[in-house]
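# Results of the structural survey
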Amino acid sequence: MMEQRLAGKTALVTGAAHGQGRAHCLRLAAEGADIVAIDMAGQNLDVAYPLGTWKELLETVAEVEKLGRRGIALSADIRDREALAKAVAESEKDFPQLDVLVANAGMGAYGRVLETPIETWDQVIAVNLTGTFNTIQAFAPRMIAGGKGGSIIVTSSVSGSKGLPFTGAYAASKHGLQGLVKVLAQELAEHSIRVNSVNPGPIATPLTTDKTGPALLQGDGPEATLFLGSFSPLLPLPEGGFLDAKEVSGAVSWLASDDSRYVTGLAVPVDAGVMAR
Ligand SMILES: NC(=O)c1ccc[n+]([C@@H]2O[C@H](COP(=O)([O-])OP(=O)(O)OC[C@H]3O[C@@H](n4cnc5c(N)ncnc54)[C@H](O)[C@@H]3O)[C@@H](O)[C@H]2O)c1
């Protein structure tokens with residue numbers, strides 16, 4: 001059994017149906033946290049990979065319960081402020097205190113900036129940047145009202161700090177999140193609420209099954225060469241070239257716990273060294 005360093009805490013995770021969000025729910029629960037699991041739970045974005053389903057979200061909660069923790073599944077699109085307000089009201093009944101908020105839901109998109117349709121740009125900014133803003137605006141007041149401090153963890157990316165070619169809308173949205181994290185770290189410090197980001201490198205999730213990106217970025221063409229000039233890990237990667245989502249969960253659980261009690265405003269890369277270049 002893992003050390004129960006999150007015992008007595010409640011953590012809310014968005015994008016919890018599968019991928020990194022689910023891995024975070026299970027790690028936080030394994031360390032003692034009860035879980036509010038939120039996902040859009042429907043294929044409501046224009047993307048070429050599977051988004052989370054309601055069934056998967058229920059599976060996440062069932063796994064949390066198997067670990068002996070309480071969990072609740074709520075469907076909400078983080079672009080929809082009314083749906084988030086409803087999720088606040090629904091989760092408050094059984095989970096009145098909120099200690100940890102993992103704003104993880106997000107989407108990927110590839111393409112040259114000059115060829116990016118405005119609809120793609122708008123969708124990526126609406127989900128990754130405005131959706132994260134909506135999530136924090138909806139739930140952070142619960143933490144403040146609880147009066148016990150808290151930890152907000154935003155899922156950014158190496159694209160939050162690097163100009164990875166062919167990820168213009170995505171990089172703009174994730175760079176925006178870094179600004180939001182640093183400003184919030186200052187504005188919420190008086191409530192002992194810490195705000196940090198995790199910045200994953202290549203993680204094996206349904207998002208990375210998107211064939212539109214790899215088609216552009218793999219092989220030895222000029223695009224791949226340009227991309228790999230920015231996106232090149234130092235450490236050997238597992239076979240297949242992707243890290244397991246659990247690797248990011250380790251950083252999330254540290255940021256959620258009191259072991260990082262004086263850490264705020266930080267971007268924590270879990271990228272096998274991409275950021276070190
Ligand atoms: N996979 C990677 O290589 C990688 C690398 C860096 C950063 N990230 C970031 O990690 C986060 C999680 O990604 P993942 O790899 O697990 O992706 P994923 O697509 O496998 O999972 C994302 C989950 O978020 C949900 N979601 C998407 N849009 C939503 C919305 N508007 N409202 C509510 N839920 C929504 C989806 O249904 C899905 O369950 C994202 O913010 C992503 O940008 C991923």
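Each remark here, short or long, concerns the structure printed above.
What counts, and at which threshold
Residues numbered from 1 in each chain as written. Predicted model: local features only at pLDDT ≥ 70, side-chain atom pairs only at ≥ 80, totals over all residues. Heavy atoms only, no water. 1 Å grid on protein atoms, 1.4 Å probe; cavity = no way out; pocket = protein on both sides within 12 Å on 5 of 7 lines; lining within 4 Å. Points joined across faces, edges and corners; volume = space filled by probe spheres on them. Nonpolar A, V, L, I, M, F, W, Y, C, P; charged D, E, K, R; others polar. Phe/Tyr/Trp six-rings, centres within 6.5 Å; stacked < 30°, edge-to-face > 60°. Lys NZ or Arg CZ within 6 Å of the ring centre and 35° of its normal. Core = buried A, V, L, I, M, F, W, Y, C linked by side-chain atoms within 4.5 Å. Buried < 20%, exposed > 50% of the residue type's maximum accessible area, 1.4 Å probe, protein only. Helix = DSSP H or I, 4+ residues; strand = E, 2+ residues; numbered from the N terminus. Near = heavy atom within 4 Å. Polar contact = N/O pair within 3.5 Å; in protein donor to acceptor, adjacent residues only side chain to side chain. Areas by Shrake-Rupley, 256 points an atom, 1.4 Å probe, with all protein chains shown as cover. Pairing = 2+ DSSP bridges. Axes fitted to C-alpha atoms, helices over the stretch in contact; angles between N-to-C directions. Contact = heavy atoms within 4.5 Å. Salt bridge = Lys/Arg side-chain N within 4 Å of Asp/Glu carboxyl O. Parallel < 35°, antiparallel > 145°, perpendicular 65-115°, else oblique. Left-handed = near helix turned anticlockwise from the far one by under 90°.

### Overview of empty space enclosed by the protein
The full count for this structure, using the stated rule, is one cavity of 30 Å³ or more. In this structure, the largest cavity occupies an estimated 40 Å³ of space. Ala-109, Tyr-110, Gly-111, Thr-116, Thr-120, Phe-166, Thr-167, Gly-168 and Ala-169 together form the lining of the largest cavity. The residue makeup of the lining of the largest cavity, split by class, is four nonpolar, five polar and no charged.

### Description of the packing of aromatic side chains
Across all of its chains, the model carries one aromatic pair by this definition. Sitting over the ring of Phe-95, Arg-70 keeps its end group 4.4 Å from the ring centre.

### Details of the nonpolar core
Ile-38, Phe-139 and Ile-152 are the most contacted members of the largest nonpolar core, which totals 40 residues. Of all elements in the fold, only β2 (34-39), β3 (71-75), α3 (81-94), β4 (100-103), α4 (118-146), β5 (150-155), α5 (168-188) and β6 (193-200) reach the threshold of two or more residues within this core. Looking at which element gives the most residues to this core, the answer is α4, with seven residues. Counting residues in each nonpolar core, the second largest holds 31 residues, with Ala-16, Val-61, Leu-243 and Val-248 among its members.

### So, the site of the ligand
Lining the immediate environment of the ligand, one finds 31 residues, of which Asp-39, Gly-52, Asn-104, Tyr-170 and Thr-205 sit closest. Side-chain polar atom of Asp-39 to an oxygen atom of the ligand: 2.6 Å apart, as the coordinates give it. Here an oxygen atom of the ligand sits 3.4 Å away from a polar atom, N or O, in the main chain of Gly-201. In isolation the ligand has 830 Å² of accessible area, and contact with the protein removes 98% of it. At the level of elements, α1 (19-30) and α5 are the ones that each hand at least two residues to the shell around the ligand. Of the residues contributing to the shell around the ligand, the split by class is 15 nonpolar, 13 polar and three charged.

### Regarding the sheet that holds strand β1 (residues 10-14)
One open sheet holds the seven strands; their spatial order is β3-β2-β1-β4-β5-β6-β7, and the pairing between them is parallel. The strands lining the two open edges of the sheet, one partner per strand, are β3 and β7 (267-270). Neighbour-to-neighbour, the strand axes of this sheet turn through a mean angle of 15°, independent of strand direction. Note that β4 and β5 share four bridges and pair parallel. Across the sheet, Leu-101 pairs through a bridge with Ile-152, a residue of β5.

### Focus: the side chain of Glu-31
Structurally, Glu-31 can be placed in the loop between α1 and β2. Using a relative accessible area of 2% as the deciding quantity, one classes Glu-31 as buried. A polar contact is formed between the side chain of Glu-31 and the side chain of Ser-253, at a distance of 2.8 Å. Every residue in contact with Glu-31, bar those within four places of it in the chain, is listed here: Met-2, Glu-3, Gln-4, Arg-5, Leu-6, Ala-7 and Ser-253.

### Looking at the pattern of salt bridges
This structure, assessed with the given rule, holds twelve salt bridges. Salt-bridge contacts for Asp-77 lead to Arg-79; the nearest nitrogen and oxygen are separated by 2.6 Å. Exposure remark for Arg-79: the relative accessible area of 29% places this residue in the partly exposed category. Its salt-bridge partner being Arg-142, residue Glu-92 comes within 3.9 Å of it at the nearest N-O pair.

### Notes on the packing of α1 against helix α8 (residues 245-256)
At a closest axis distance of 8 Å, the pairing of α1 and α8 adopts a crossing angle of 50°. The orientation of α1 relative to α8 falls into the category oblique. The element α1 and its partner α8 pack so that their crossing is right-handed. On α8, the residues touching Gly-19, Gln-20, Ala-23, His-24, Arg-27 and Leu-28 of α1 are Ala-245, Lys-246, Val-248, Ser-249, Gly-250, Val-252, Ser-253 and Ala-256. Of the residues in the contact of α1 with α8, the class split is six nonpolar, six polar and two charged.

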